[in-house]
Amino acid sequence: MRPPPPPQRVLVIGAIGRAGAAVLRERLGQVGAVPVTVLCTRGFAHQPRGLDHAVVDGGDWRDCLHHVSAQDEVLLVLDTPRHAREAIFWRPERAALVPLVEALHAQGVRRLDVVFGPGHAPDATESAALQRLGFGAREAGRRPPVAAPPSPTGPWPERLAAWMLRTLIDTLHALGMQRRP
């Protein structure tokens, strides 16, 4: 089986909440990234460089399908809106997740990742459907835990240096997590 061709664009569905902001920041911050398009309820005049929008007419999940191409990489974000201004971003209802993912697969989409915001983890049915179709799911902002290196047992300067490095790494990691929206 041949690997799929590189995506023509990244299509973000449901770019709301902390998870949506993180996805957009990650994708727009990549060097040489493919264009990013978000689905919206209405057009907007000013947008960051590299970001485009497509207006979805209607609230049903089927209304967004004509904006999706089989060559797109699709990111489906499920999170809670933080601000009233996020109402501009079109998003499907949570109950429509499985039918929407199945319809995207039937339409030829092979690159789809569902990003769950905090408190929106997938249930067993959703997880099974995503696995069956070969799509990924992740929780926004979660990194896999890193195992702590073993404590050195050498001379005291070596132990002191290892302690200082561990403290620095832990501090930088904590600061990085605080800066996330």
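Source: prediction; values computed, not measured.

It is worth spelling out a nonpolar patch on the surface at this point. Taken together, the side chains of Trp-156, Leu-160, Trp-163 and Met-164 make up a nonpolar region of the molecular surface, amounting to roughly 490 Å² of accessible area. Position of Leu-160 relative to the elements: it lies in helix H4 (residues 156-179).

Turning to the packing of helix H2 (residues 97-106) against helix H3 (residues 124-133), a few remarks are in order. The interhelical angle for the contact between H2 and H3, taken along N-to-C directions, is 5°, at an axis separation of 10 Å. Judged by the angle between their axes, H2 and H3 are roughly parallel. Listed contacts from H3 to Leu-97, Val-98, Val-101, Glu-102 and His-105 of H2 are Thr-125, Glu-126, Ala-129, Leu-130, Arg-132 and Leu-133. Broken down by class, the residue content of the contact of H2 with H3 amounts to six nonpolar, two polar and three charged.

The next thing to look at is helix H1 (residues 17-28). The first and last C-alpha atoms of H1 sit 17 Å apart over twelve residues, in line with the 16 Å expected at 1.5 Å per residue. Buried residues along H1 sit in contact with strand E1 (10-13), strand E2 (36-40), strand E3 (51-55), strand E4 (73-78), strand E5 (111-116) and strand E6 (136-139).

Let us look at the side chain of Asp-79. Within the element layout of this structure, Asp-79 appears in the loop between E4 and H2. No salt bridge is formed by the buried Asp-79; its nearest oppositely charged neighbour, Arg-82, is found at 6.6 Å. From its side chain, Asp-79 meets the backbone nitrogen of Arg-18 in a polar contact 3.1 Å long. There is a polar contact of 2.9 Å between the side chain of Asp-79 and the backbone nitrogen of Ala-19. Those residues in contact with Asp-79, other than ones at most four positions away along the chain, are Ile-16, Gly-17, Arg-18, Ala-19, Arg-91, Gly-117, Pro-118 and His-120.

Another aspect to go through is the confidence of the model for the protein. Summing up the model confidence of the protein, the mean pLDDT is 81 and the portion of residues at 70 or higher is 83%. The secondary-structure element of the protein with the lowest mean pLDDT is H4, recorded at 76, while H2 shows the highest, at 92. Here residues 143-147 is a poorly scored stretch, pLDDT under 50, and it has two contacts once near neighbours within four places are set aside; other chains count.

On to the nonpolar core, then. If you look at the biggest cluster of nonpolar residues, it comprises 26 residues, and the most contacted ones within it are Leu-39, Val-101, Leu-104, Leu-112 and Val-114. Here the element with the most residues in this core is H2; it accounts for five residues. When sequence neighbours within four positions are dropped, the list of residues in contact with Val-101 reads Leu-76, Leu-112, Val-114, Leu-130, Leu-133 and Phe-135. Core analysis: the second largest hydrophobic core is formed by 17 residues, Ala-19, Cys-40, Phe-44 and Val-77 among them.

Right, let's talk about the sheet that holds E6 for a bit. Taken in spatial order, the six strands line up as E3-E2-E1-E4-E5-E6 in an open sheet, and their pairing is parallel. Every other strand in the sheet has two partners, leaving E3 and E6 as the edge strands with one partner each. Each adjacent strand pair in this sheet contributes to an overall mean axis angle of 25°, direction not counted. Pairing of E1 with E2 involves three bridges; the strand directions are parallel. Looking across to E2, one finds that Val-12 is bridged to Val-38.

Rules behind the numbers
Residues numbered from 1 in each chain as written. Predicted model: local features only at pLDDT ≥ 70, side-chain atom pairs only at ≥ 80, totals over all residues. Heavy atoms only, no water. Patch = residues over 30% accessible without salt bridge, like charges linked within 9 Å, V, L, I, M, F, W, Y side chains within 5 Å. Areas by Shrake-Rupley, 256 points an atom, 1.4 Å probe, with all protein chains shown as cover. Salt bridge = Lys/Arg side-chain N within 4 Å of Asp/Glu carboxyl O. Helix = DSSP H or I, 4+ residues; strand = E, 2+ residues; numbered from the N terminus. Axes fitted to C-alpha atoms, helices over the stretch in contact; angles between N-to-C directions. Parallel < 35°, antiparallel > 145°, perpendicular 65-115°, else oblique. Contact = heavy atoms within 4.5 Å. Nonpolar A, V, L, I, M, F, W, Y, C, P; charged D, E, K, R; others polar. Expected span 1.5 Å × (residues − 1). Buried < 20%, exposed > 50% of the residue type's maximum accessible area, 1.4 Å probe, protein only. Lys, Arg positive; Asp, Glu negative; His and termini not counted. Polar contact = N/O pair within 3.5 Å; in protein donor to acceptor, adjacent residues only side chain to side chain. pLDDT = per-residue confidence, 0-100. Core = buried A, V, L, I, M, F, W, Y, C linked by side-chain atoms within 4.5 Å. Pairing = 2+ DSSP bridges.

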